[in-house]
2 protein chains.
Amino acid sequence: MPDQQSTLRAQRRAETQRAIQAHAVRLFTERGYDATTVNDVAEAAGVSPMTVYRHFPTKEDLVLIDQHGQLVADRIAASPATQPLVRRIGAALVESTTTLTDGRGGGDLSANGQFLLARLRLMIATPALRAKHLDNNYALQQAIVTALGDDTTDPDAAFHAHAAASACLAAMHTALVRWAEDDGRSELPDLIAKALAAAFGDDVVQARPDAP
Amino acid sequence: MPDQQSTLRAQRRAETQRAIQAHAVRLFTERGYDATTVNDVAEAAGVSPMTVYRHFPTKEDLVLIDQHGQLVADRIAASPATQPLVRRIGAALVESTTTLTDGRGGGDLSANGQFLLARLRLMIATPALRAKHLDNNYALQQAIVTALGDDTTDPDAAFHAHAAASACLAAMHTALVRWAEDDGRSELPDLIAKALAAAFGDDVVQARPDAP
DNA sequence: TACCAATCTGGTAGCGACTATCACTGAGGT
DNA sequence: ACCTCAGTGATAGTCGCTACCAGATTGGTA
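Here the structure is a predicted model, which is why all the values come from computation and not from measurement. Sequence order sets the numbering: in each chain, residues are counted from 1 along the sequence as written. Here the convention is simple: chains get letters from A, ligands get numbers from 1, in the order in which they are written. Only residues with pLDDT of 70 or above have their local features reported here, since the model is predicted, and side-chain atom pairs are shown and tallied only from 80 upward, although totals for entire chains, interfaces and linings are computed over all residues. Hydrogens are left out, water is left out, and the side-chain values use all remaining heavy atoms of the structure.

Asks: Before we go on, may I ask you to explain the overall build of chain A in this structure?
Replies: The helix and strand inventory of chain A stands at 10 helices and zero strands. Every one of the 212 residues in chain A was classed for burial, and the buried ones make up 45%. By definition in these notes, contact holds between two residues if any of their heavy atoms fall within 4.5 Å. Nonlocal contacts in chain A, meaning residues at least 24 apart in sequence, comprise 69% of its contacts between residues at least 6 apart. Here a strand is any run of E in DSSP of at least two residues, a helix any run of H or I of at least four, and the numbering for each starts at the N terminus. Buried, partly exposed and exposed residues are distinguished by accessible area as a fraction of the type maximum, computed with a 1.4 Å probe on protein chains only: under 20%, between the cut-offs, and over 50%, respectively.

Structure follows, in C-alpha coordinates:
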(Lines give C-alpha, C1' and ligand atoms only; values in the text may rest on other atoms or scores of the structure.)
Protein backbone atom coordinates (compact mmCIF):
# COMPACT_ATOMS: atom_id res chain seq x y z
CA MET A 1 0.00 0.00 0.00
CA PRO A 2 1.09 3.57 -0.62
CA ASP A 3 2.67 5.61 2.09
CA GLN A 4 -0.18 8.07 2.57
CA GLN A 5 -2.61 5.29 3.39
CA SER A 6 -5.49 6.63 1.37
CA THR A 7 -4.99 10.12 0.12
CA LEU A 8 -8.48 10.64 -1.14
CA ARG A 9 -10.08 8.95 1.84
CA ALA A 10 -8.18 11.01 4.40
CA GLN A 11 -8.80 14.16 2.40
CA ARG A 12 -12.54 13.62 2.32
CA ARG A 13 -12.56 12.78 5.98
CA ALA A 14 -10.64 15.91 6.89
CA GLU A 15 -12.94 18.00 4.74
CA THR A 16 -16.19 16.78 6.29
CA GLN A 17 -14.62 17.18 9.70
CA ARG A 18 -13.69 20.77 8.93
CA ALA A 19 -17.15 21.49 7.49
CA ILE A 20 -18.92 20.06 10.52
CA GLN A 21 -16.79 22.06 12.93
CA ALA A 22 -17.23 25.26 10.95
CA HIS A 23 -21.02 24.92 10.93
CA ALA A 24 -20.97 24.00 14.60
CA VAL A 25 -18.99 27.04 15.69
CA ARG A 26 -21.16 29.27 13.52
CA LEU A 27 -24.41 27.93 14.94
CA PHE A 28 -23.11 27.98 18.51
CA THR A 29 -22.09 31.60 18.09
CA GLU A 30 -25.40 32.58 16.50
CA ARG A 31 -27.86 30.72 18.70
CA GLY A 32 -25.79 29.81 21.73
CA TYR A 33 -24.17 26.52 22.61
CA ASP A 34 -26.90 25.05 24.78
CA ALA A 35 -29.67 26.17 22.45
CA THR A 36 -28.07 24.33 19.54
CA THR A 37 -28.50 20.55 19.33
CA VAL A 38 -26.10 18.18 17.67
CA ASN A 39 -28.91 17.40 15.25
CA ASP A 40 -28.97 21.04 14.23
CA VAL A 41 -25.26 20.92 13.51
CA ALA A 42 -25.63 17.72 11.52
CA GLU A 43 -28.45 19.15 9.48
CA ALA A 44 -26.53 22.36 8.76
CA ALA A 45 -23.49 20.38 7.68
CA GLY A 46 -25.61 18.06 5.54
CA VAL A 47 -24.71 14.87 7.34
CA SER A 48 -26.46 12.55 9.74
CA PRO A 49 -26.15 12.99 13.52
CA MET A 50 -24.28 9.69 13.58
CA THR A 51 -21.56 11.10 11.38
CA VAL A 52 -21.07 14.04 13.71
CA TYR A 53 -20.48 11.69 16.61
CA ARG A 54 -18.08 9.66 14.48
CA HIS A 55 -15.85 12.67 13.94
CA PHE A 56 -16.31 14.37 17.31
CA PRO A 57 -16.74 12.09 20.30
CA THR A 58 -18.61 14.72 22.30
CA LYS A 59 -20.46 17.92 21.57
CA GLU A 60 -17.75 19.87 23.39
CA ASP A 61 -15.10 18.54 21.01
CA LEU A 62 -16.86 20.38 18.20
CA VAL A 63 -15.30 23.51 19.67
CA LEU A 64 -12.29 22.32 21.62
CA ILE A 65 -10.46 20.06 19.17
CA ASP A 66 -6.90 21.23 18.64
CA GLN A 67 -3.36 19.91 18.50
CA HIS A 68 -1.70 22.56 20.59
CA GLY A 69 -0.82 20.05 23.27
CA GLN A 70 1.49 17.90 21.19
CA LEU A 71 3.31 21.00 19.97
CA VAL A 72 4.03 22.13 23.51
CA ALA A 73 5.13 18.72 24.71
CA ASP A 74 7.52 18.27 21.79
CA ARG A 75 9.06 21.66 22.35
CA ILE A 76 9.60 20.98 26.03
CA ALA A 77 11.25 17.66 25.43
CA ALA A 78 13.65 19.46 23.08
CA SER A 79 14.51 22.24 25.54
CA PRO A 80 17.75 22.18 27.56
CA ALA A 81 17.28 20.72 31.03
CA THR A 82 19.65 23.21 32.56
CA GLN A 83 17.14 26.04 32.82
CA PRO A 84 14.65 26.34 35.68
CA LEU A 85 11.34 24.54 35.17
CA VAL A 86 9.15 27.58 34.89
CA ARG A 87 11.37 29.08 32.24
CA ARG A 88 11.49 25.88 30.20
CA ILE A 89 7.74 25.50 30.28
CA GLY A 90 7.01 29.16 29.76
CA ALA A 91 9.27 29.40 26.75
CA ALA A 92 7.65 26.35 25.19
CA LEU A 93 4.18 27.85 25.66
CA VAL A 94 5.18 31.17 24.13
CA GLU A 95 6.97 29.60 21.19
CA SER A 96 4.32 27.06 20.30
CA THR A 97 1.68 29.78 20.42
CA THR A 98 3.80 31.86 18.09
CA THR A 99 3.82 28.93 15.70
CA LEU A 100 0.04 28.58 15.90
CA THR A 101 -0.92 32.18 15.34
CA ASP A 102 2.05 32.68 13.10
CA GLY A 103 2.46 36.33 13.44
CA ARG A 104 1.29 38.91 11.13
CA GLY A 105 2.55 42.31 12.20
CA GLY A 106 -0.14 43.83 14.36
CA GLY A 107 -3.07 44.28 12.04
CA ASP A 108 -6.16 42.17 11.44
CA LEU A 109 -6.40 38.52 12.19
CA SER A 110 -6.16 35.86 9.54
CA ALA A 111 -9.23 33.76 8.86
CA ASN A 112 -7.62 31.12 11.00
CA GLY A 113 -7.16 33.67 13.75
CA GLN A 114 -10.82 34.69 13.56
CA PHE A 115 -11.88 31.07 13.88
CA LEU A 116 -9.59 30.60 16.85
CA LEU A 117 -11.06 33.69 18.46
CA ALA A 118 -14.63 32.52 17.92
CA ARG A 119 -13.83 29.16 19.49
CA LEU A 120 -12.10 30.87 22.39
CA ARG A 121 -15.08 33.13 23.04
CA LEU A 122 -17.41 30.16 23.12
CA MET A 123 -15.01 28.35 25.42
CA ILE A 124 -14.92 31.22 27.89
CA ALA A 125 -18.64 31.94 27.88
CA THR A 126 -19.97 28.37 28.08
CA PRO A 127 -19.51 26.55 31.38
CA ALA A 128 -19.45 23.08 29.85
CA LEU A 129 -16.81 24.08 27.31
CA ARG A 130 -14.76 25.97 29.86
CA ALA A 131 -14.75 22.98 32.20
CA LYS A 132 -13.72 20.52 29.55
CA HIS A 133 -11.01 22.84 28.28
CA LEU A 134 -9.57 23.22 31.75
CA ASP A 135 -9.53 19.45 32.04
CA ASN A 136 -7.74 19.26 28.69
CA ASN A 137 -5.17 21.61 30.18
CA TYR A 138 -4.84 19.22 33.09
CA ALA A 139 -4.06 16.40 30.67
CA LEU A 140 -1.56 18.69 28.97
CA GLN A 141 0.03 19.24 32.36
CA GLN A 142 0.65 15.52 32.68
CA ALA A 143 2.16 15.47 29.20
CA ILE A 144 4.42 18.40 30.06
CA VAL A 145 5.70 16.72 33.20
CA THR A 146 6.46 13.60 31.20
CA ALA A 147 8.18 15.65 28.51
CA LEU A 148 10.34 17.39 31.08
CA GLY A 149 11.98 14.04 31.48
CA ASP A 150 13.12 14.69 35.02
CA ASP A 151 13.73 11.95 37.49
CA THR A 152 10.40 10.19 37.64
CA THR A 153 11.39 8.07 40.60
CA ASP A 154 11.77 11.04 42.92
CA PRO A 155 8.29 11.99 44.11
CA ASP A 156 9.47 15.41 45.25
CA ALA A 157 10.87 16.25 41.84
CA ALA A 158 7.64 15.10 40.21
CA PHE A 159 5.65 17.22 42.64
CA HIS A 160 7.81 20.21 41.80
CA ALA A 161 7.28 19.64 38.08
CA HIS A 162 3.51 19.31 38.44
CA ALA A 163 3.26 22.46 40.51
CA ALA A 164 5.33 24.45 38.02
CA ALA A 165 3.48 23.10 34.98
CA SER A 166 0.02 23.68 36.41
CA ALA A 167 0.88 27.23 37.40
CA CYS A 168 2.32 28.00 33.96
CA LEU A 169 -0.76 26.62 32.21
CA ALA A 170 -3.01 28.64 34.49
CA ALA A 171 -1.11 31.78 33.55
CA MET A 172 -1.47 30.90 29.89
CA HIS A 173 -5.20 30.46 30.32
CA THR A 174 -5.39 33.89 31.85
CA ALA A 175 -3.58 35.25 28.80
CA LEU A 176 -6.05 33.50 26.49
CA VAL A 177 -8.97 35.11 28.27
CA ARG A 178 -7.35 38.50 28.05
CA TRP A 179 -6.63 37.99 24.36
CA ALA A 180 -10.28 37.21 23.71
CA GLU A 181 -11.35 40.29 25.67
CA ASP A 182 -9.06 42.32 23.42
CA ASP A 183 -10.74 40.74 20.39
CA GLY A 184 -7.36 39.40 19.36
CA ARG A 185 -5.83 42.81 18.91
CA SER A 186 -2.80 42.05 21.07
CA GLU A 187 -0.11 39.55 20.20
CA LEU A 188 -0.99 36.36 22.02
CA PRO A 189 2.60 35.23 22.67
CA ASP A 190 3.36 38.59 24.26
CA LEU A 191 0.31 38.30 26.49
CA ILE A 192 1.39 34.85 27.62
CA ALA A 193 4.85 36.16 28.44
CA LYS A 194 3.28 39.01 30.39
CA ALA A 195 1.04 36.64 32.33
CA LEU A 196 4.00 34.45 33.22
CA ALA A 197 5.95 37.49 34.33
CA ALA A 198 3.01 38.70 36.41
CA ALA A 199 2.72 35.38 38.20
CA PHE A 200 6.36 34.45 38.65
CA GLY A 201 8.20 37.75 38.46
CA ASP A 202 9.98 39.32 35.54
CA ASP A 203 13.31 37.80 36.41
CA VAL A 204 12.20 34.19 36.19
CA VAL A 205 10.73 34.42 32.73
CA GLN A 206 13.45 36.00 30.67
CA ALA A 207 11.22 38.53 29.02
CA ARG A 208 11.18 39.45 25.38
CA PRO A 209 12.85 42.72 24.26
CA ASP A 210 9.97 44.87 25.48
CA ALA A 211 10.50 44.02 29.12
CA PRO A 212 10.57 47.02 31.49
CA MET B 1 -41.58 35.38 62.16
CA PRO B 2 -38.76 34.07 64.34
CA ASP B 3 -35.16 34.75 63.53
CA GLN B 4 -34.17 31.25 62.44
CA GLN B 5 -36.75 31.24 59.65
CA SER B 6 -37.89 27.69 60.24
CA THR B 7 -35.63 25.70 62.49
CA LEU B 8 -37.24 22.37 61.92
CA ARG B 9 -37.67 22.92 58.20
CA ALA B 10 -34.05 23.90 57.61
CA GLN B 11 -32.85 21.11 59.86
CA ARG B 12 -34.75 18.46 57.95
CA ARG B 13 -33.58 19.90 54.67
CA ALA B 14 -29.95 19.87 55.75
CA GLU B 15 -30.31 16.33 57.03
CA THR B 16 -31.75 14.87 53.82
CA GLN B 17 -29.13 16.75 51.86
CA ARG B 18 -26.36 15.26 53.97
CA ALA B 19 -27.87 11.79 53.71
CA ILE B 20 -28.18 11.96 49.94
CA GLN B 21 -24.60 13.12 49.53
CA ALA B 22 -23.28 10.46 51.89
CA HIS B 23 -25.05 7.67 49.99
CA ALA B 24 -23.93 9.17 46.70
CA VAL B 25 -20.25 9.26 47.60
CA ARG B 26 -20.47 5.75 49.01
CA LEU B 27 -22.12 4.33 45.89
CA PHE B 28 -19.80 6.22 43.55
CA THR B 29 -16.79 4.85 45.42
CA GLU B 30 -18.15 1.30 45.44
CA ARG B 31 -19.48 1.00 41.89
CA GLY B 32 -17.85 3.92 40.12
CA TYR B 33 -19.32 7.30 39.24
CA ASP B 34 -20.49 6.52 35.72
CA ALA B 35 -21.88 3.13 36.66
CA THR B 36 -24.09 4.68 39.31
CA THR B 37 -27.27 6.43 38.23
CA VAL B 38 -28.97 9.24 40.07
CA ASN B 39 -31.89 6.87 40.51
CA ASP B 40 -29.58 4.49 42.37
CA VAL B 41 -28.57 7.29 44.70
CA ALA B 42 -32.17 8.30 45.27
CA GLU B 43 -33.18 4.75 46.04
CA ALA B 44 -30.28 4.27 48.45
CA ALA B 45 -31.14 7.50 50.24
CA GLY B 46 -34.83 6.57 50.35
CA VAL B 47 -36.06 9.55 48.37
CA SER B 48 -37.37 10.11 44.87
CA PRO B 49 -35.05 11.06 41.99
CA MET B 50 -36.83 14.41 41.87
CA THR B 51 -35.74 15.20 45.41
CA VAL B 52 -32.12 14.52 44.56
CA TYR B 53 -32.28 17.05 41.73
CA ARG B 54 -33.95 19.56 44.04
CA HIS B 55 -31.00 19.46 46.44
CA PHE B 56 -28.19 18.98 43.91
CA PRO B 57 -28.65 20.69 40.56
CA THR B 58 -26.35 18.25 38.78
CA LYS B 59 -24.96 14.80 39.42
CA GLU B 60 -21.49 16.29 39.77
CA ASP B 61 -22.63 18.49 42.63
CA LEU B 62 -23.31 15.36 44.66
CA VAL B 63 -19.53 15.16 45.05
CA LEU B 64 -18.27 18.69 44.57
CA ILE B 65 -20.47 20.77 46.86
CA ASP B 66 -18.36 22.68 49.34
CA GLN B 67 -18.01 26.14 50.82
CA HIS B 68 -14.24 26.41 50.64
CA GLY B 69 -14.48 29.26 48.17
CA GLN B 70 -16.21 31.72 50.45
CA LEU B 71 -13.67 31.00 53.17
CA VAL B 72 -10.78 31.84 50.89
CA ALA B 73 -12.35 34.99 49.50
CA ASP B 74 -13.14 36.32 52.98
CA ARG B 75 -9.61 35.70 54.17
CA ILE B 76 -8.13 37.47 51.19
CA ALA B 77 -10.31 40.51 51.62
CA ALA B 78 -9.06 40.70 55.22
CA SER B 79 -5.37 40.40 54.32
CA PRO B 80 -3.11 43.46 54.20
CA ALA B 81 -2.71 44.87 50.72
CA THR B 82 0.95 45.68 51.26
CA GLN B 83 2.21 42.16 50.55
CA PRO B 84 2.81 40.83 47.04
CA LEU B 85 -0.20 39.21 45.38
CA VAL B 86 1.09 35.68 45.37
CA ARG B 87 1.88 35.81 49.05
CA ARG B 88 -1.54 37.22 49.96
CA ILE B 89 -3.34 34.57 47.95
CA GLY B 90 -1.07 31.74 49.01
CA ALA B 91 -1.42 32.57 52.67
CA ALA B 92 -5.20 32.66 52.37
CA LEU B 93 -5.25 29.24 50.69
CA VAL B 94 -3.01 27.69 53.33
CA GLU B 95 -4.91 29.19 56.24
CA SER B 96 -8.40 28.40 55.01
CA THR B 97 -7.33 24.82 54.36
CA THR B 98 -5.97 24.64 57.89
CA THR B 99 -9.40 25.69 59.10
CA LEU B 100 -11.12 23.04 57.00
CA THR B 101 -9.00 20.06 57.99
CA ASP B 102 -8.45 21.53 61.38
CA GLY B 103 -5.36 19.80 62.32
CA ARG B 104 -4.97 16.81 64.42
CA GLY B 105 -1.32 16.07 65.04
CA GLY B 106 -0.22 13.67 62.34
CA GLY B 107 -2.26 10.56 62.94
CA ASP B 108 -5.46 9.27 61.39
CA LEU B 109 -7.97 11.43 59.68
CA SER B 110 -11.21 12.47 61.25
CA ALA B 111 -14.44 11.15 59.78
CA ASN B 112 -14.75 14.49 58.06
CA GLY B 113 -11.25 14.08 56.67
CA GLN B 114 -12.07 10.62 55.35
CA PHE B 115 -15.14 11.97 53.61
CA LEU B 116 -13.09 14.79 52.11
CA LEU B 117 -10.53 12.28 50.90
CA ALA B 118 -13.16 10.05 49.31
CA ARG B 119 -14.65 13.00 47.47
CA LEU B 120 -11.20 14.11 46.36
CA ARG B 121 -10.34 10.68 45.00
CA LEU B 122 -13.56 10.61 42.99
CA MET B 123 -12.85 14.10 41.73
CA ILE B 124 -9.37 13.16 40.51
CA ALA B 125 -10.35 9.84 38.93
CA THR B 126 -13.54 10.93 37.16
CA PRO B 127 -13.14 13.20 34.13
CA ALA B 128 -16.54 14.83 34.48
CA LEU B 129 -15.94 15.65 38.14
CA ARG B 130 -12.40 16.83 37.52
CA ALA B 131 -13.54 19.16 34.76
CA LYS B 132 -16.32 20.69 36.81
CA HIS B 133 -14.05 21.10 39.81
CA LEU B 134 -11.46 22.91 37.73
CA ASP B 135 -14.22 25.19 36.49
CA ASN B 136 -15.27 25.82 40.09
CA ASN B 137 -11.68 26.82 40.74
CA TYR B 138 -11.98 29.23 37.85
CA ALA B 139 -15.00 30.82 39.49
CA LEU B 140 -13.04 30.98 42.73
CA GLN B 141 -10.31 32.78 40.83
CA GLN B 142 -12.77 35.50 39.86
CA ALA B 143 -13.88 35.76 43.48
CA ILE B 144 -10.28 36.04 44.64
CA VAL B 145 -9.52 38.84 42.21
CA THR B 146 -12.59 40.69 43.41
CA ALA B 147 -11.62 40.12 47.03
CA LEU B 148 -8.13 41.47 46.40
CA GLY B 149 -9.85 44.79 45.98
CA ASP B 150 -7.14 46.21 43.77
CA ASP B 151 -7.78 48.93 41.28
CA THR B 152 -10.46 47.46 39.09
CA THR B 153 -10.23 50.23 36.56
CA ASP B 154 -6.65 49.43 35.58
CA PRO B 155 -6.78 46.50 33.14
CA ASP B 156 -3.10 45.74 33.67
CA ALA B 157 -3.54 45.42 37.42
CA ALA B 158 -6.55 43.15 36.89
CA PHE B 159 -4.55 41.04 34.48
CA HIS B 160 -1.76 40.75 37.01
CA ALA B 161 -4.23 39.68 39.69
CA HIS B 162 -5.87 37.07 37.47
CA ALA B 163 -2.52 35.61 36.47
CA ALA B 164 -1.37 35.37 40.07
CA ALA B 165 -4.64 33.93 41.34
CA SER B 166 -4.91 31.30 38.63
CA ALA B 167 -1.33 30.18 39.17
CA CYS B 168 -1.84 29.92 42.94
CA LEU B 169 -5.01 27.88 42.53
CA ALA B 170 -3.26 25.59 40.08
CA ALA B 171 -0.52 24.99 42.62
CA MET B 172 -3.13 24.25 45.27
CA HIS B 173 -4.81 21.75 42.98
CA THR B 174 -1.47 20.02 42.53
CA ALA B 175 -1.18 19.81 46.31
CA LEU B 176 -4.67 18.32 46.57
CA VAL B 177 -3.77 15.60 44.09
CA ARG B 178 -0.58 14.83 45.97
CA TRP B 179 -2.48 14.73 49.26
CA ALA B 180 -4.91 12.18 47.83
CA GLU B 181 -2.04 10.09 46.50
CA ASP B 182 -0.60 10.10 50.02
CA ASP B 183 -4.01 8.92 51.32
CA GLY B 184 -4.15 12.04 53.44
CA ARG B 185 -1.10 11.11 55.49
CA SER B 186 0.60 14.46 54.92
CA GLU B 187 -0.62 17.75 56.29
CA LEU B 188 -2.57 19.39 53.49
CA PRO B 189 -1.64 22.98 54.39
CA ASP B 190 2.04 22.04 54.34
CA LEU B 191 1.64 20.46 50.91
CA ILE B 192 -0.02 23.57 49.59
CA ALA B 193 2.81 25.70 50.93
CA LYS B 194 5.31 23.34 49.30
CA ALA B 195 3.51 23.50 45.97
CA LEU B 196 3.47 27.29 46.09
CA ALA B 197 7.15 27.33 46.91
CA ALA B 198 7.88 24.90 44.07
CA ALA B 199 6.07 27.09 41.56
CA PHE B 200 7.07 30.55 42.71
CA GLY B 201 10.30 30.02 44.62
CA ASP B 202 10.85 29.69 48.34
CA ASP B 203 11.47 33.37 48.82
CA VAL B 204 8.12 34.55 47.49
CA VAL B 205 6.02 32.37 49.74
CA GLN B 206 7.36 33.00 53.18
CA ALA B 207 7.58 29.38 54.17
CA ARG B 208 6.47 27.85 57.42
CA PRO B 209 9.12 26.98 60.08
CA ASP B 210 10.24 23.84 58.22
CA ALA B 211 11.58 25.79 55.26
CA PRO B 212 15.09 24.77 54.10
C1' DT C 1 -12.22 -6.33 -15.26
C1' DA C 2 -14.19 -8.47 -11.49
C1' DC C 3 -13.63 -9.24 -6.66
C1' DC C 4 -12.53 -8.51 -1.76
C1' DA C 5 -11.55 -5.94 2.29
C1' DA C 6 -11.72 -1.91 4.88
C1' DT C 7 -13.72 2.25 5.77
C1' DC C 8 -17.46 5.68 5.88
C1' DT C 9 -22.07 6.47 6.48
C1' DG C 10 -27.02 6.07 7.97
C1' DG C 11 -31.11 4.18 10.77
C1' DT C 12 -33.10 2.20 14.89
C1' DA C 13 -33.42 1.47 19.55
C1' DG C 14 -32.14 2.46 23.96
C1' DC C 15 -29.97 4.49 28.38
C1' DG C 16 -29.29 8.22 31.49
C1' DA C 17 -29.07 13.16 32.88
C1' DC C 18 -32.04 16.77 33.35
C1' DT C 19 -36.50 19.80 32.96
C1' DA C 20 -41.41 21.20 33.05
C1' DT C 21 -45.67 20.59 34.87
C1' DC C 22 -49.16 19.12 38.04
C1' DA C 23 -50.85 17.38 42.45
C1' DC C 24 -50.18 16.05 47.40
C1' DT C 25 -48.48 16.54 52.15
C1' DG C 26 -47.19 18.76 56.26
C1' DA C 27 -45.03 22.66 58.95
C1' DG C 28 -45.46 27.78 60.55
C1' DG C 29 -47.92 31.54 61.58
C1' DT C 30 -52.52 34.05 62.13
C1' DA D 1 -59.08 25.82 63.02
C1' DC D 2 -57.46 27.99 58.71
C1' DC D 3 -54.18 29.49 55.12
C1' DT D 4 -49.84 29.61 52.92
C1' DC D 5 -46.08 27.70 51.02
C1' DA D 6 -41.87 24.98 51.00
C1' DG D 7 -40.82 20.15 50.23
C1' DT D 8 -41.87 16.01 47.84
C1' DG D 9 -43.46 12.89 44.27
C1' DA D 10 -45.19 11.07 39.60
C1' DT D 11 -45.45 11.66 34.52
C1' DA D 12 -43.81 12.87 30.23
C1' DG D 13 -40.54 14.78 27.38
C1' DT D 14 -35.80 16.63 25.40
C1' DC D 15 -31.10 15.89 24.43
C1' DG D 16 -26.41 13.86 24.59
C1' DC D 17 -24.54 9.65 23.63
C1' DT D 18 -23.92 4.48 22.61
C1' DA D 19 -24.55 -0.03 20.82
C1' DC D 20 -26.05 -2.75 16.87
C1' DC D 21 -26.94 -3.59 12.21
C1' DA D 22 -27.10 -2.59 7.17
C1' DG D 23 -25.82 -0.26 2.80
C1' DA D 24 -22.40 2.38 0.04
C1' DT D 25 -17.88 3.85 -1.52
C1' DT D 26 -12.96 3.41 -2.01
C1' DG D 27 -8.26 0.90 -2.66
C1' DG D 28 -5.84 -2.86 -3.75
C1' DT D 29 -5.78 -7.52 -5.90
C1' DA D 30 -6.56 -11.97 -8.71
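Asks: What should I look at first to understand the domain arrangement of chain A in this one?
Replies: By a widely used convention, the size of an interface equals the accessible area lost when the partners come together. Residues and elements named next belong to chain A. Segmentation of chain A into domains returns domain 1 (2–63) and domain 2 (66–200). For the purposes of this description, domain bounds are those given by an automatic or database domain assignment. Computed over C-alpha atoms only, the centres of domain 1 and domain 2 are separated by 26 Å. Counting residues at the interface gives 10 residues for domain 1 and eight residues for domain 2. Buried area counts how much accessible surface, traced with a 1.4 Å probe, disappears from two parts once they are put together, with both parts' losses summed. With both sides pooled, the region where domain 1 packs onto domain 2 buries about 860 Å², and carbon together with sulfur makes up 74% of that total. One side-chain nitrogen of Lys or Arg within 4 Å of one carboxyl oxygen of Asp or Glu is enough to make a salt bridge. Where domain 1 packs against domain 2, one counts one salt bridge. Note that Glu60 and Lys132 form a salt bridge whose closest N and O atoms lie 3.9 Å from each other. Within 3.5 Å is the distance limit for a polar contact, defined as a pair of N or O atoms, with the added protein rule that one can donate a hydrogen and the other accept it, and that residues adjacent in sequence qualify only through two side-chain atoms. On inspection of domain 1 and its partner domain 2, the count reaches two residue pairs in polar contact (both at pLDDT 80 or more). For the side of domain 1 that touches domain 2, the elements supplying multiple residues, two or more each, are helix 1 (7–31) and helix 4 (61–64).

Asks: Explain the environment of Ile76 of chain A here, please?
Replies: All names here are of chain A. One can find Ile76 in helix 5 (residues 68–77). A residue is classified by how much of its surface remains accessible, and Ile76, at 0% relative accessible area, is buried. Linking Ile76 and Ile144, residues 68 residues apart in sequence, is a C-alpha distance of 7.0 Å.

Asks: Mind showing me how you'd approach the relation of the copies chain B and chain A here?
Replies: Note: a rotation about an axis with an accompanying shift along it relates these two copies of the chain. Note on the identical chains: chain B maps onto chain A by a rotation of 180 degrees and an axial translation of 0.0 Å, with an RMSD of 0.1 Å. Considering both components of the superposition, the chain copies are consistent with a two-fold axis. When each C-alpha of chain B is compared by its distance to the rotation axis, Ala167 of chain B comes out closest, at 2.0 Å. With an isologous cut-off of 70% or more, the 100% of interface residues of chain B that recur at the interface of chain A puts this contact in the isologous class. C-alpha atoms of residues with pLDDT of at least 70 in both copies form the basis for the least-squares superposition of the copies.

Asks: How should I be thinking about the interface of chain B and chain A in this particular structure?
Replies: Listed as interface residues are 31 residues of chain B and, on the opposing side, 31 residues of chain A. Between chain B and chain A the total buried area reaches about 2500 Å² when both faces are included, carbon and sulfur atoms providing 65% of it. Looking only at chain B, the three residues that lose the most surface to chain A are Tyr138, Phe159 and Arg178 of chain B, adding up to 25% of its buried area. Between chain B and chain A we count six salt bridges in total. The closest approach of N and O atoms between Asp135 of chain A and Arg130 of chain B, which form a salt bridge, is 2.6 Å. Between chain B and chain A we count 10 residue pairs in polar contact (both at pLDDT 80 or more) in total. Only helix 8 (127–148), helix 9 (155–181) and helix 10 (188–200) of chain B provide two or more residues apiece to the side of chain B that touches chain A. Basically, the charged four are Asp, Glu, Lys and Arg, the nonpolar ten are Ala, Val, Leu, Ile, Met, Phe, Trp, Tyr, Cys and Pro, and anything else, Gly included, counts as polar. Considered class by class, the residues forming the side of chain B that touches chain A number 19 nonpolar, six polar and six charged.

Asks: Explain the packing of aromatic side chains to me, please; I cannot follow it from the model alone.
Replies: Two measures describe an aromatic ring pair: the distance that separates the ring centres and the angle between the ring planes. Residues and elements named next belong to chain A. The aromatic pairing rule takes the rings of Phe, Tyr and Trp, using the six-membered ring of Trp, and pairs them if the centres are within 6.5 Å, calling planes under 30 degrees apart stacked, those over 60 edge-to-face and the rest tilted. Tallied over the full model, the rule gives three aromatic pairs over all chains. With 4.8 Å between their ring centres and 65 degrees between their planes, Phe28 and Tyr33 make a pair best called edge-to-face. Relative accessible area serves as the criterion here: at 1%, Phe28 is assigned to the buried category. Of the residues examined, Tyr33 reaches a relative accessible area of 6% and is grouped as buried. We call a charge positioned over a ring when the NZ of a Lys or the CZ of an Arg lies within 6 Å of the ring centre and within 35 degrees of the ring normal. Cation over ring: Lys59 sits above Tyr33, and NZ or CZ is 4.4 Å from the ring centre.

Asks: Teacher, can you tell me more about helix 2 (residues 38–45) of chain A here?
Replies: An α-helical segment advances 3.6 residues per turn. Residues three or four places apart therefore align on the same side. All names here are of chain A. Residues Val38, Val41, Ala42 and Ala45 constitute the buried set of helix 2. Along the long axis of helix 2, the arc covered by the buried residues comes to 100 degrees, so they all point the same way. Just downstream of helix 2 lies Gly46, where phi reads positive at about 75 degrees. This arc is taken over the directions from the axis of the helix to the C-beta atoms.

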